[in-house]
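# An overview of the molecular structure
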Amino acid sequence: MLTRIEIGQKTETTESRGRRLKNTVFEDLQIRVEGIQTIAVYTLELDLKPGEAEHIANELLADPVCENWVIEKNLAQAFDWLIEVGFRPGVTDNVARSTLEGIQDLLQRDLGEAAAVYTAWQYVLTGALSEAEVYTIADKLLANSLIEKFKVLSKAQWVMLGGLQAESNRVASSHLPTSRGIVLPNDTESLQKLSQDMMLALTLEEMQAIKAYFSRPEIKEERKKIGMPEEAMDVELEVIAQTWSEHCKHKIFAADIDYEDELGQHVNIRSLFKTYIWKATEDLKPRSPWLRSVFTDNAGVIAFTEDFDVCIKVETHNSPSALDPYGGAMTGIVGVNRDVLGTGMGCRPIFNTDIFCFAPPDYNKSIPERLLHPKRVFKGVHRGVRDGGNESGIPTVNGSIVFDERFLGKPLVFCGTGGIIPSRLKGKASWQKEIHSGDRIVMVGGRIGKDGIHGATFSSLALTEASPTSAVQIGDPITQKKLSDFLLEARDAGLYRFLTDNGAGGLSSSLGEMAREVGGCRIHLDKAPLKYPGLDPWEILVSEAQERMSFAVPPAKLSEFITLAKSRGVEASDLGHFTKEPWFEAYYDEACVCKIHMEFLHDGNPKLKLKAKWNPPTLSAEAKSDRDTELARVLTSRSLHEDAMQLLGRYNICSKESWVRQYDHEVQAASVMKPFVGKAADGPGDAAVLRPVYDSKQGLVVSHGLAPRYSDIDTYHMTACAIDEALRNAVAVGANPDRLSALDNFCWPDPVQSDVTPDGEFKLAQLVRSNQALYDYCIAFGLPLISGKDSMKNDYGRGENKISIPPTLLISLLGTIDDVEKCISSDFKSAGDIVYLLGETQNELGASEYMNMLGIPDHKGGEVPKVDSHRALQRYRLVYQAIQQGLIRSAHDCSDGGLFVALAECCIGARLGADIQVPEPLSLEKLSDAALLFSESQSRLILSVSPEKSAEFEHLFDTQGSETQKTVFRLGQITENPRLNISRKTSLSETDDKPRLLFSETIETLRLAWQKTLND
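Residues numbered from 1 in each chain as written. Predicted model: local features only at pLDDT ≥ 70, side-chain atom pairs only at ≥ 80, totals over all residues. Heavy atoms only, no water.

### Some remarks on the packing of helix α23 (residues 640-648) against helix α29 (residues 898-910)
- Relative to each other, α23 and α29 sit at 65°, their axes nearing to 11 Å. For the crossing formed where α23 meets α29, the hand is right-handed. Residues Ala644, Leu647 and Leu648 of α23 form the contact with α29, whose participating residues are Phe900, Val901 and Ala904.
- Of the residues that constitute the contact of α23 with α29, the class distribution is six nonpolar, no polar and no charged. (Axes fitted to C-alpha atoms, helices over the stretch in contact; angles between N-to-C directions. Helix = DSSP H or I, 4+ residues; strand = E, 2+ residues; numbered from the N terminus. Left-handed = near helix turned anticlockwise from the far one by under 90°. Contact = heavy atoms within 4.5 Å. Nonpolar A, V, L, I, M, F, W, Y, C, P; charged D, E, K, R; others polar.)

Structure (structure tokens):
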């Protein structure tokens, strides 16, 4: 029985949702709408008794204070157009699922397996609108046709239909689940076509390896014993494809690479991961006693206190977020939450981080087919991560947003989570886990559907207009929160031996990984709980429908495990058992539909052999001189004041407060240093600090760094700058620079040479150089890498229309602070305090935000910033020592926009002014005024010190600083007068020592310029 219930705002109350939407329609589409009314629609496919629908509407769905409801009637009355948007059949509908649970609780009876609820939103428009304009509003703003359907009706059409009636949104399927054998053709063209048609994302060599495997006599004999055909089953090809996907196997990082540098010298690299990332950690292990588990589990684990360990993982969800920003990003955050839950014996998530890279929201060029406007991507991704984190009860404590037009091709969505776990559980180290033969395979959490099929293979390809709709999933944080709570309770009761998340590749991935611990596994796919009938066995096995985890449960504990899950409202299903035999086996209705040898599944893929050639964009001495002359001419013709004010409002520099405030920073009550600091809590923080153990002052510090623009000149220095930024952010709040651990997240355009990527050798060389810098600087700074991820193929389209992201590396740091009460923030504290600059300013404007603002690209804007790791670490250790001694009152890093932006931000946070005199550089090269203010030289911090402690502070740095060059410079003094004055002792044209004013402005004017751009 179908029942339609509509919920709308009472006329005497403000319809804030409709009013906001009306403004958005004009801002985004330039279409004027007189008014918009929004109506929530619930369709109940339930066997209801008389009066129950009214009871549900009144007690559960509507707020009687401000909302009206009707049943089998329509609230829409006077209007011109009506749009109704709902999910397509089979797409996860979290509100509907929660509503069904609420109805069941309200009615206090089991509604049966067939019970269903469907939700939709109705938009009632008034105004002189054309049909084309209404369809534009529906398609470009209100609905994502990938996952949603919509109706558009004029008032006349609505009257003719007699209003809108209840309709079922049930997945219609008369399909009987089947598994089929697939003949692997002999000719190469047909093999490649088979991979493309099935979206396996496998190379010709990989398809040939699979064909050879199924042709082996011993494999044929093994299959014959159990009645399987000689040819491969569709289930088997799908499992192999998921396991061998770039997303899961990291084939480029494992490849043999012939690297040729700019001198023509060749280096044979056998695995970027082993040569640079893993080796950095191995080389640092002797001086990193805090390491517990690195590169072997879902997240890296380090020691925290005597009684607790902590872990961290950062994932990417770029491709799904490009197609469905909300759903794709939500699965990113809840997915990385599950990584932490599945680490060791199960860590409790205690914080989230998010770093986004988008094209500018005011992008006004044509948008390629299948891509969404950057503003829509920005809003959707932000909302998805916000909802996923907030509804899971996990605070979001650190992050950033970076803008570049090239991220139109694919947005980058980095989501991170940290967790905590007792160091020992049941007398054993908590980061260790095991599986015994005979342990039951139990899947816990959300049901399986078609959403998320081919997610791993889809994420291993460039995005095109033909990318599959089924690859997108929608996360369900409420179900995940119940799963999380159950998991920790079962952990403490000792009800399981091993767990991991169902991420990319679904059950095929999680069980394939788990089975390696013991030998093999035997799964019964017909026992898996489904969202709806009709899924083929291969779909059940590889679907990435969210909020699921796999457990190895001792047989003796199975009943207690499932009973506890049921009592906590979490579904648990016994799907089979683990075996000693090295086979991955799957059955459906007692028939074996998959049997693959574990060695072939995990180690049978051919190793890639690639070439990389580095041709740096170098300039001759004459060309460099001409460039510098032209730059000087351009810079001297500009207004320094106007440039500085414009720079403050740039997307990559301006305040992100209005967006960041929508995250919950306070849940769990552990955050010490929050994203915003200062007098009005709106100044930028440098890093997050948490106190997760309440009876201890020990804190965790979380920071990050990334600088994709510098890749336009050299990815080696881009990587060094990202590492240095993350490190100086951590040091700025009080972290010990000798007790930090790092994560690397590579997001790269396709670096494999081919017809569609003719510059693949150069892009691969960029990747090699980035890895070389990662090793060099992690060793120099003493930063062991404990976890990471790479995301390749971040491109859209082909040929002239191809859009590739700039090579991007995110570095995240996790460290400890012995006493959180000694933490400091970025805002100046008191008038009279002395302001210092730690580190020297160089003529390094290349690829800077200032050059980008002027429209001067990459190396034409000057030299890229370079990091002197020895001098930087020396400075950071002294800063840490000074903070421990109570000598420093505030610290803030110099980053995008250089010295000027850092000073402005310190003043804005404090609402205090400063009289600053910028020191001349120590190098022989004289700097222009613009370079002095806007150069993005690395390893620099703005520090403030009380006058009473300035002598002790200077003595510390003078006696223990660099032997060859001064380390710290006195800049001036903080003032009560809320104005930032910046002067220079000398200029290029003057010989006297009289200071020359470069910039002067009130702090309120600076604040408005900094906060206006994205707050509007």
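### Description of helix α25 (residues 715-733)
- Helix length check: α25, at 19 residues, gives a terminal C-alpha distance of 28 Å against a target of 27 Å (1.5 Å per residue), a fit within 8%.
- Among the 19 residues that make up α25, 19 are buried, leaving the element largely enclosed by the rest of the structure.
- A side-chain oxygen of the first residue of α25 lies 2.9 Å from the backbone nitrogen of Tyr716; this N-cap is Asp714.
- Gly734 sits one or two positions beyond α25 and adopts a positive phi of about 120°. (Expected span 1.5 Å × (residues − 1). Buried < 20%, exposed > 50% of the residue type's maximum accessible area, 1.4 Å probe, protein only. Polar contact = N/O pair within 3.5 Å; in protein donor to acceptor, adjacent residues only side chain to side chain.)

### Some remarks on the side chain of Thr119
- Inspection of the secondary structure puts Thr119 in strand β5 (residues 116-126).
- Looking at Thr119, its side chain comes within polar contact range of the side chain of Asp93, at 2.7 Å.
- In this structure, Thr119 is in contact with Val41, Tyr42, Gly86, Phe87, Asp93, Val95 and Ala96, ignoring residues within four places of it in sequence.

### Things to note about the side chain of Asp256
- Note that Asp256 resides in strand β9 (residues 256-260).
- Note on Asp256: relative accessible area 8%, which makes it buried.
- Here the side chain of Asp256 touches Lys609 through a polar contact of 3.2 Å, side chain to side chain.
- In contact with Asp256, other than residues within four places in its own chain, are Ile269, Arg270, Lys607, Leu608, Lys609 and Leu610.

### Focus on a positive patch on the surface
- On the surface, Arg17, Arg19, Arg20 and Arg383 cluster together into a patch of positive charge.
- Per-element accounting of the positive patch gives the leading share, three residues, to helix α1 (residues 16-29).
- Looking at where Arg383 falls in the secondary structure, it is placed in helix α15 (residues 374-392).
- Judged by relative accessible area, Arg383 falls into the partly exposed class, the value being 37%. (Patch = residues over 30% accessible without salt bridge, like charges linked within 9 Å, V, L, I, M, F, W, Y side chains within 5 Å. Areas by Shrake-Rupley, 256 points an atom, 1.4 Å probe, with all protein chains shown as cover. Salt bridge = Lys/Arg side-chain N within 4 Å of Asp/Glu carboxyl O. Lys, Arg positive; Asp, Glu negative; His and termini not counted. Charge placed at Lys NZ, Arg CZ, Asp CG, Glu CD.)

### Details of the sheet that holds strand β26 (residues 609-613)
- Across the sheet, which stays open at both edges, the three strands sit in the order β10-β9-β26 with mixed pairing between neighbours. The sheet is open, and its two borders are formed by β10 (266-270) and β26, each paired with just one other strand. Each neighbouring strand pair of the sheet contributes to a mean axis angle of 20°, computed without reference to strand direction.
- Of the strand pairs in this sheet, β9 and β26 are connected by five bridges, and their pairing is parallel. When the sheet's bridge partners are listed, Asp258 is paired in β26 with Lys611.
- Contacts from helix α12 (residues 272-284) reach β9 and β10 within the one sheet, and its direction differs from that of β10 by about 80°.
- Contacting β9, β10 and β26, helix α26 (residues 760-781) runs over the sheet at an angle of about 85° to β26. (Pairing = 2+ DSSP bridges.)

### A closer look at the environment of Gly839
- The topology assignment puts Gly839 in the loop between β37 (834-838) and α27 (849-854).
- Overall, the relative accessible area of 1% leaves Gly839 in the buried class.
- For the pair Gly839 and Ala735, spaced 104 residues apart in the sequence, the C-alpha separation amounts to 18 Å.
- Excluding residues within four positions of it along the chain, Gly839 makes contact with Arg875, Ser939, Arg940, Thr967 and Phe969.

### Thoughts on the pairing of strand β4 (residues 81-87)
- Summarising burial for β4: seven of the seven residues are buried, a large majority.
- Residues of β4 alternate between two faces, with Trp81, Ile83, Val85 and Phe87 on one and Leu82, Glu84 and Gly86 on the opposite face, all of them buried.
- Pairing between β4 and β5: six bridges, direction antiparallel. The partner of Trp81 across the bridge, within β5, is Leu125.

### Examining helix α32 (residues 1003-1015)
- The terminal C-alpha atoms of α32 lie 18 Å apart, and with 13 residues this matches the ideal 18 Å at 1.5 Å per residue to within 8%.
- If you check which residues of α32 are buried, you get Ile1003, Leu1006, Arg1007, Trp1010, Gln1011 and Leu1014.

### Focus on unusual backbone geometry
- Phi angles above zero are rare outside glycine, and Arg370 is one such case at about 80°.
- When you line up the elements, Arg370 lands in the loop between β14 (348-358) and α15.
- A relative accessible area of 23% means that Arg370 is categorised as partly exposed.
- In the Ramachandran plot, Lys793 falls in the positive-phi region, its phi being about 60° despite a non-glycine side chain.
- Its location among the elements puts Lys793 in the loop between β33 (785-791) and β34 (795-796).

### Thoughts on the pattern of salt bridges
- In this structure the tally under the stated criterion is 66 salt bridges.
- Put simply, Asp628 and Arg627 hold a salt bridge, and the shortest N to O gap is 3.1 Å.
- Overall, Arg627 belongs to the buried group, its relative accessible area being 11%.
- Two residues, Arg911 and Asp682, come together in a salt bridge whose shortest N-O distance is 2.7 Å. Separated by 229 residues along the polypeptide, Arg911 in the loop between α29 and β39 (913-918) and Asp682 in the loop between β28 (676-677) and β29 (683-684) bring together distant segments of the chain.
- For Arg911, a relative accessible area of 23% translates into the label partly exposed.
- A residue is classified by how much of its surface remains accessible, and Asp682, at 5% relative accessible area, is buried.
- When salt bridges that share partners are traced, they join Lys624, Arg627, Asp628, Glu863 and Lys866 into one network.

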